[in-house]
Amino acid sequence: MPVAHIPGSKSVTARALFLAAAADGVTTLVRPLRSDDTEGFAEGLTRLGYRVGRTPDTWQVDGRPQGPAVPEADVHCRDGATTARFLPTLAAAGHGSYRFDASEQMRRRPLAPLTRALRDLGVDLRHEAVEGHHPLRVEAAGVEGGEVTLDAGQSSQYLTALLLLGPLTRRGLRIRVTDLVSAPYVDITLAMMRSFGVRVAREGDTFVVPPGGYRATTYTVEPDASTASYFFAAAAVTGREVTVPGLGRGALQGDLGFVDVLRRMGAEVETGADHTTVRGTGGLRGVTVNMRDISDTMPTLAAVAPFADGPVRIEDVANTRVKECDRLDVCAENLRRLGVEVATGEDWIEIRPGTPAPAEIRTHGDHRVVMSFAVTGLRTPGITFDDPGCVKKTFPGFHEAFGELTAGWGIPLDAV
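Residues numbered from 1 in each chain as written. Predicted model: local features only at pLDDT ≥ 70, side-chain atom pairs only at ≥ 80, totals over all residues. Heavy atoms only, no water.

## Let's talk about the overall build of the chain
Our working rule: Numbering of helices and strands runs from the N terminus, with a helix taken as a DSSP run of H or I at least four residues long and a strand as a DSSP run of E at least two residues long. Note on method: radius of gyration uses C-alpha positions; expected globular size equals 2.2 Å times residues raised to 0.38. Type-normalised accessible area, obtained with a 1.4 Å probe on protein chains alone, sets the label of each residue: buried when under 20%, exposed when over 50%, and partly exposed for intermediate values. Whether two residues are in contact is decided by their heavy atoms, any of which lying within 4.5 Å being enough. Computed by Shrake-Rupley with a 1.4 Å probe, the accessible areas treat only the displayed protein chains as cover when residues are assessed.
Counting its regular elements, the chain contains 13 helices and 23 strands. Rg of the C-alpha trace for the chain: 21 Å, near the compact-globule value of 22 Å for 416 residues, within the 12% margin. With respect to the principal axes defined by its C-alpha atoms, the chain has extents near 60 × 40 × 40 Å. A burial count over the chain gives 60% of its 416 residues as buried. In the chain, of all internal contacts separated by at least 6 residues, the share reaching a separation of at least 24 is 72%. Of the accessible surface of the chain, which amounts to about 14,800 Å², a share of 45% is contributed by carbon and sulfur atoms.

## A word on the packing of aromatic side chains
Put simply, the rule reads: Note on aromatic contacts: the rings of Phe and Tyr and the six-membered ring of Trp form a pair at centre separations within 6.5 Å, being stacked when their planes are under 30 degrees apart, edge-to-face when over 60 apart, and tilted otherwise. Either the NZ atom of lysine or the CZ atom of arginine qualifies as a charge over a ring when it sits within 6 Å of the ring centre and within 35 degrees of the ring normal.
What the rule picks out here adds up to nine aromatic pairs. Through pairs of rings, three or more aromatic residues link up here, namely Tyr230, Phe231, Phe395, Phe398 and Phe402. The ring of Trp59 is capped by Arg54, whose NZ or CZ atom sits 5.2 Å from the centre of that ring. The positively charged end of Arg313 is found above the aromatic ring belonging to Trp348, 4.2 Å away from the centroid.

## A closer look at the side chain of Ser372
In plain terms, the rule: Nitrogen and oxygen atoms within 3.5 Å of one another constitute a polar contact, given that in protein one can donate a hydrogen and the other can accept it, and given that sequence-neighbouring residues count only through two side-chain atoms.
Along the polypeptide, Ser372 turns up in helix 12 (residues 367–376). From its side chain, Ser372 meets the backbone oxygen of Arg368 in a polar contact 2.7 Å long. Sequence-distant contacts of Ser372, that is, excluding residues within four places in its chain, are made with Tyr230, Pro299, Thr300 and Ala303.

## Things to note about helix 8 (residues 225–238)
Put simply, the rule is: Expected span of a helix: the number of residues minus one, times 1.5 Å.
Here helix 8 spans 20 Å end to end across 14 residues, near enough to the 20 Å set by a 1.5 Å rise per residue. The buried fraction of helix 8 amounts to 14 of the 14 residues, a majority that puts the element mostly inside the structure. The opening residue of helix 8, the one whose side-chain oxygen lies 2.9 Å from the backbone nitrogen of Ser226, is Asp224. A positive backbone phi angle near 75° is found at Gly239, which sits one or two residues after helix 8.

## So, the pattern of salt bridges
Pairing of side chains with opposite charge becomes possible as their charged atoms draw close. Worth spelling out the cut-off: In what follows, salt bridge is the name for a side-chain nitrogen of Lys or Arg lying within 4 Å of a carboxyl oxygen of Asp or Glu.
This model, assessed by the stated rule, comprises 33 salt bridges. When the shortest N-O distance is used, the salt bridge between Asp329 and Arg321 registers 3.2 Å. Residue classification places Asp329 among the partly exposed positions, given a relative accessible area of 35%. On the basis of relative accessibility, which here comes to 24%, the residue Arg321 falls in the partly exposed class. In this structure, Arg327 engages Asp366 in a salt bridge whose closest nitrogen and oxygen atoms are separated by 2.7 Å. Separated by 39 residues along the polypeptide, Arg327 in helix 11 (residues 327–337) and Asp366 in the loop between strand 22 (360–361) and helix 12 bring together distant segments of the chain. Accessibility classification places Arg327 together with Asp366 in one group, the buried group. Among the charged side chains, a salt-bridge network with shared partners connects Lys10, Asp37, Arg109, Asp296, Lys323, Glu324, Arg327, Asp366 and Lys393.

## A word on the pairing of strand 12 (residues 206–209)
Taken residue by residue, a regular strand's side chains alternate between the two faces of the sheet. Stated formally: At least two bridges found by DSSP between two strands is the condition for calling them paired.
Pairing of strand 10 (residues 173–180) with strand 12, which is carried by four bridges, proceeds in the antiparallel orientation. Across the sheet, residue Arg174 finds its bridge partner in strand 12, namely Val208. The hairpin formed by strand 11 (residues 201–203) and strand 12 contains two residues between the paired strands, and Gly204 there has a positive phi angle of roughly 65°.

## What to know about the packing of helix 8 against helix 12
Heads up, the rule is: Axis lines are fitted to C-alpha atoms, over the contacting stretch for helices. Their N-to-C directions set the angle, which ranges from 0 to 180 degrees. The cut-offs work like this: below 35 degrees is roughly parallel, past 145 is roughly antiparallel, 65 to 115 is roughly perpendicular, and the gaps in between are oblique. A crossing counts as left-handed when the near helix is turned anticlockwise from the far one by less than a right angle, and as right-handed when that turn is clockwise. Only Asp, Glu, Lys and Arg are considered charged, only Ala, Val, Leu, Ile, Met, Phe, Trp, Tyr, Cys and Pro nonpolar, and every remaining residue, Gly among them, polar.
Taken N-terminus to C-terminus, the directions of helix 8 and helix 12 make an angle of 15°; their axes are 9 Å apart at the nearest point. Of the possible angle classes, the one that applies to helix 8 and helix 12 is roughly parallel. As helix 8 packs across helix 12, the resulting crossing turns out to be right-handed. Between helix 8, through Ser226, Thr227, Tyr230, Ala233, Ala234 and Val237, and helix 12, the contact on the second element is made entirely by Arg368, Met371, Ser372 and Val375. For the contact of helix 8 with helix 12, a count of residues per class yields six nonpolar, three polar and one charged.

Structure, rendered in structure tokens:
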């Protein structure tokens, strides 16, 4: 049975690094993701004075409930959205002057709802160039806590950042949310906070976070469900079979729900206690699917949609327009380059059945665009990429792992 070993979850690794840094004691992270994003997060912690020790399979973090160990620091967040949103929030709980900047791509991504909420909580925070974007400076003096209102309609990461901050405040937090996308990612946050000793209560649209801090632990990072989607889709579109160990019924990540979309399209799916298997059946049905809660897998579905027997319509994915690129438009652009008929709206994309022709994929530096259209390439030999190396953001070894799987199926993967 072909098996794909998927590296650790980016989302879980980033949260685990924050929690470990904030906890009282030394935390060991088992099988964390090692990629450009997570290395950037760990480097940022080091710049803030936290000790991060590394072996090939584990990272150890000396927690500091009182905040950063240095009175001032300049942190570059690279391309990492979690780094750019979580680390300023962590620093705000300490005492000192901290400046945060990021890549040009990350500078374009919005930050305003989070920084507005932090200011409402009394944090002295200044955007140095464009309001609501990096670079920014935090003059930290601890956070008292209290009540705050947050719009999380662009990204659930804003809510996660405040939830993670809550136990580090003097009074705790009551966070009222007016809108929320990607809700399963918040469920990941709440489950991980419990593993570090904190239980968050929910009262309708309000999250109640107690003060008191975190306790250190040993935490195993599960495989990345968003990354697994490319391997599951590959099986569905080629009529082959793949099993991903480590992702089963108890998985934290909502993006494992992508296999339910493949099931609706005709694939066979088996979800065990600690693994998931997808088998292609030789055909895919057209579907209409709301992907608001699993929007990181929207490009995966878009990339295999032409091979369905009817239109594939993906709805409620406006937030994909403010990711590493405008993913909705970029998916449409690349499908058209392949000769596929596509229509889009503000928050939807509809893809008609077709036979893609080889072309160069314009990646816009987005790792998920490359990995998604690599799946298309299994049925369309000759597809190439203008920047195949941008997969280093989350999965530096993607091309090798994908090639190994498909070679086991007897499908040669074109060089990219």
